[in-house]
Amino acid sequence: LFSANQNGAAAIVLNRPKALNSLTYDMVRLIGEKLNEWETDQNVSIVVIKGAGPKGLCAGGDIKALYEARSSKQALQDAERFFETEYEVDMAVHRFSKPIIACLDGIVMG
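Since the structure is predicted, the reported quantities are computational estimates derived from the model, not experimental observations.

Caption draft 1: Broad picture of the sheet that holds strand β3 (residues 46–51). Ordered in space as β1-β2-β3-β5, the four strands form an open sheet in which the pairing is mixed. Each edge of the open sheet is held by one strand with a lone partner, namely β1 (2–4) and β5 (100–102). The sheet shows a mean angle of 15 degrees between the axes of neighbouring strands, taken without regard to direction. Sheet analysis places strand β2 (residues 9–14) next to β3, joined by six bridges and oriented parallel. Counted as the bridge partner of A9 is I46 from β3. Packing of helix α1 (residues 25–39) onto the sheet brings it into contact with β1, β2, β3 and β5, and relative to β2 it is tilted by some 175 degrees.

Okay, here's the thing in structure tokens:
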């Protein structure tokens, strides 16, 4: 879930509370796309990241996908694609020119 408001704040809400907001490939891909968009958006001056639900921000990558990676070549390729994209997003966060605030309430792993 992504949003931007008139006050210059953009938000990323990790919305998988039943899975402790663990990251999927689609989530990291979309986060990367939004960060690229917001990097040059003059209306965005800060990004806030938080997790949905009461238990925490994020449990890291979805372990189920990693477990399945041992079952087939396709599952292994999917896991590799996840990590490649996730590391690219980590670098985008590191290089992001605007402040990013992460609300670290509860579980934070990965």
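Caption draft 2: Region of the structure containing the layout of surface pockets. Each pocket or cavity is described by its volume, and for the largest pocket that value is around 570 Å³. Around the largest pocket, the lining is made up of 25 residues, and of these L23, C58, E86, D90 and G110 lie nearest the centre. Per-element tally for the lining of the largest pocket: the top contributor is helix α3 (residues 73–95), with seven residues. Taken together, the residues of the lining of the largest pocket break down into 20 nonpolar, three polar and two charged. Approximately 250 Å³ is the volume attributed to the second largest pocket. Around the second largest pocket, the lining comprises 14 residues; the ones closest to its centre are Y25, A65, D78, A79 and F82.

Caption draft 3: View of the nonpolar core. Membership of the largest hydrophobic core comes to 17 residues, with the highest contact counts inside it found for I12, L14, L23, I31, L35, W38 and V47. When residues of this core are traced back to their parent elements, those giving at least two are β2, α1, β3, β4 (56–58) and α3. If sequence neighbours within four positions are ignored, L14 has contacts with N21, L23, M27, I31, K50, G51, A52, L57 and C58.

Caption draft 4: Representation of α3. Between its first and last C-alpha atoms α3 spans 33 Å; for 23 residues at 1.5 Å apiece the expected length is 33 Å, and the two agree. Among the residues making up α3, those that are buried are A75, A79, F82, T85, E86 and V89.

Caption draft 5: Representation of the pattern of salt bridges. Enumeration according to the criterion identifies four salt bridges in this entry. Here R29 makes a salt bridge to D26, at a shortest N to O gap of 3.6 Å. Linking R29 with D26, this pair stays in helix α1, spanning three residues, or about one helical turn. Relative accessible area serves as the criterion here: at 44%, D26 is assigned to the partly exposed category. Taking the shortest distance from any N to any O, the salt bridge between K34 and E37 comes out at 3.3 Å. A residue pair is termed a helical-turn pair when its members lie 3 or 4 positions apart in one helix, as K34 and E37 do in helix α1 at three residues. Overlapping salt bridges, with partners in common, bring together D26, R29 and E33 in one network.

About the criteria used
- Residues numbered from 1 in each chain as written.
- Predicted model: local features only at pLDDT ≥ 70, side-chain atom pairs only at ≥ 80, totals over all residues.
- Heavy atoms only, no water.
- Pairing = 2+ DSSP bridges.
- Helix = DSSP H or I, 4+ residues; strand = E, 2+ residues; numbered from the N terminus.
- Axes fitted to C-alpha atoms, helices over the stretch in contact; angles between N-to-C directions.
- Contact = heavy atoms within 4.5 Å.
- 1 Å grid on protein atoms, 1.4 Å probe; cavity = no way out; pocket = protein on both sides within 12 Å on 5 of 7 lines; lining within 4 Å.
- Points joined across faces, edges and corners; volume = space filled by probe spheres on them.
- Nonpolar A, V, L, I, M, F, W, Y, C, P; charged D, E, K, R; others polar.
- Core = buried A, V, L, I, M, F, W, Y, C linked by side-chain atoms within 4.5 Å.
- Buried < 20%, exposed > 50% of the residue type's maximum accessible area, 1.4 Å probe, protein only.
- Expected span 1.5 Å × (residues − 1).
- Salt bridge = Lys/Arg side-chain N within 4 Å of Asp/Glu carboxyl O.

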